[in-house]
Amino acid sequence: MQIKENIEALEKEYQEKLKNIKDLKQLQDIKTELLGKKGKITSLFKLLKEVPPEKKKEVGALINSVKAKFEDILKEFEKQLTEKELEEKLKKSKIDITLPGAWVSPGAPHPVTATLRYISDIFVSMGFKIEEGPEVELEEYNFDMLNIPKDHPAREMQDTFFINKKGYVLRTHTSPVQIRAMLKQKPPLAVIAPGKVYRKDLDPTHSPMFHQIEGLVVDENITFRDLKGILKIFLESVFGKNIPIRFRPSYFPFTEPSAEVDIGCTVCKGKGCRVCKNTGWLEILGCGMVDPNVFEAVGIDTEKYTGFAFGLGIERITMLKYQIPDIRLLFSNDMRFNLQFKGI
Ligand code: FA5
């Protein structure tokens, strides 16, 4: 019978084809060729019409069995190929835990921020409270109430950034926070005020924006000795126990007497070099006893109270501590520079 032979030939052909099958795509093609709407097995059923009635049952059963057989075979192939493809995919995407990981910088505080926090911590540990004031400051607080006369050179256009709004400046120092602290709180008080200040300055040791920390202590019986003691503790904490310190008479309108404090040059150890201009000393801060005119401006009884104040430049201390030759390096945002201070 022709149809029987056709079935046998078909079975043989596809058994052979299935031996060479490589992927699910090929399998799907074979499935369509055999069992699709116009597939070869599906077409066999159409041939049944031509089969004599007495043979129909037998041939029908034969076609059904070959269909079931191929369905089973294809199902098994599908299972195997799916597993094989998954395995290959997993093999390709396998993580090699021995490869070095991609480097991610965890970041670090800027050296100025690190110094500012370090210094603040020293004073906080001695009982000082942190005060803040605005960077756009009243001229009255920045100058007048600090006993800085109207014709003082610091007020000149070339030193101070004036704001369009009349009576306001970008604060030129943190000393106006002294005024704010004393207006807010009656003595006794011990505060520090860290923050940004602005001046029309630009050279290797001066920047138009820099950071200061102001210190102020007001109480009964505060003397210059207290000021010296506090600053000695502070400077020894930053630069080490053996750092030479000297107080040099100076002038600030808001302190009387006033002094500037020098430390032995950290670069040449006092022998004299370019950094200390061959003096062996480096100026580090300004300080003094609060001028009675300042106390009067904020309504503090000058008969009862005395106080001291100091102001130091953070960039300057950072430069001396880490021997940085140019202040502009601190603001260059060069990661090669910044990362050298990681963990300080
Ligand atoms: C003052 O600003 C006073 N207010 C300090 C003070 C406070 C004295 C309380 C007495 C009592 P002076 O202008 O010297 O002082 O500045 C203080 C420090 O700021 C300097 O020692 C220096 O370290 C730093 N400094 C000044 N100008 C610049 C600048 N352009 N760039 C970076 N640091 C600066």
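These numbers were taken from a predicted model, which means no experiment stands behind them.

Considered as a void within the structure, the second largest pocket measures approximately 160 Å³ in volume. Around the second largest pocket, the lining residues are Val-238, Phe-239, Asn-242, Ile-243, Pro-244, Gly-264, Cys-265, Thr-266, Lys-269, Gly-270, Lys-321 and Gln-323. Residues of the lining of the second largest pocket, tallied by class, amount to five nonpolar, five polar and two charged.

Turning our eyes to something else, we now look at the state of the cysteines. Per the stated rule, a full pass over the model turns up zero disulfides. Not part of a disulfide, Cys-268 finds its nearest cysteine sulfur in Cys-265, a span of 3.6 Å.

Judged by pairing direction, the sheet is mixed, and its seven strands sit side by side in the order 1-4-5-9-8-7-6 without closing on themselves. Only two strands of the sheet have a single partner each, and these edge strands are strand 1 (129-130) and strand 6 (245-252). Contacting strand 5 (209-219), strand 7 (255-264), strand 8 (281-290) and strand 9 (306-313), helix 10 (residues 314-322) crosses the sheet at an angle of about 60° to strand 9.

Turning our attention to the site of the ligand. The full set close to the ligand counts 24 residues, and His-173, Ser-175, Arg-199, Ser-207 and Glu-283 are the nearest of them. Note that an oxygen atom of the ligand is positioned 3.0 Å from one of the side-chain N or O atoms of Gln-212. Taking 680 Å² as the accessible area of the ligand by itself, protein coverage stands at 91%. Mapped onto the shell around the ligand, the elements with two or more residues apiece are strand 5, strand 8 and strand 9. Each residue belonging to the shell around the ligand can be placed in one class, and the counts come to eight nonpolar, eleven polar and five charged.

Where a strand is regular, its side chains alternate between the two sheet faces. Burial within strand 5 is extensive, with ten of its eleven residues counted as buried. In the sheet, strand 4 (residues 189-198) pairs with strand 5 via ten bridges, with the strands oriented antiparallel. Bridge pairing in strand 5 links Val-197 to Phe-210. The sheet contact formed by strand 5 and strand 9 spans eight bridges and is antiparallel. What sits directly across from Gln-212, in strand 9, is Gly-313.

What counts as what
- Residues numbered from 1 in each chain as written.
- Predicted model: local features only at pLDDT ≥ 70, side-chain atom pairs only at ≥ 80, totals over all residues.
- Heavy atoms only, no water.
- 1 Å grid on protein atoms, 1.4 Å probe; cavity = no way out; pocket = protein on both sides within 12 Å on 5 of 7 lines; lining within 4 Å.
- Points joined across faces, edges and corners; volume = space filled by probe spheres on them.
- Nonpolar A, V, L, I, M, F, W, Y, C, P; charged D, E, K, R; others polar.
- Disulfide = S-S within 2.5 Å.
- Pairing = 2+ DSSP bridges.
- Helix = DSSP H or I, 4+ residues; strand = E, 2+ residues; numbered from the N terminus.
- Contact = heavy atoms within 4.5 Å.
- Axes fitted to C-alpha atoms, helices over the stretch in contact; angles between N-to-C directions.
- Near = heavy atom within 4 Å.
- Polar contact = N/O pair within 3.5 Å; in protein donor to acceptor, adjacent residues only side chain to side chain.
- Areas by Shrake-Rupley, 256 points an atom, 1.4 Å probe, with all protein chains shown as cover.
- Buried < 20%, exposed > 50% of the residue type's maximum accessible area, 1.4 Å probe, protein only.

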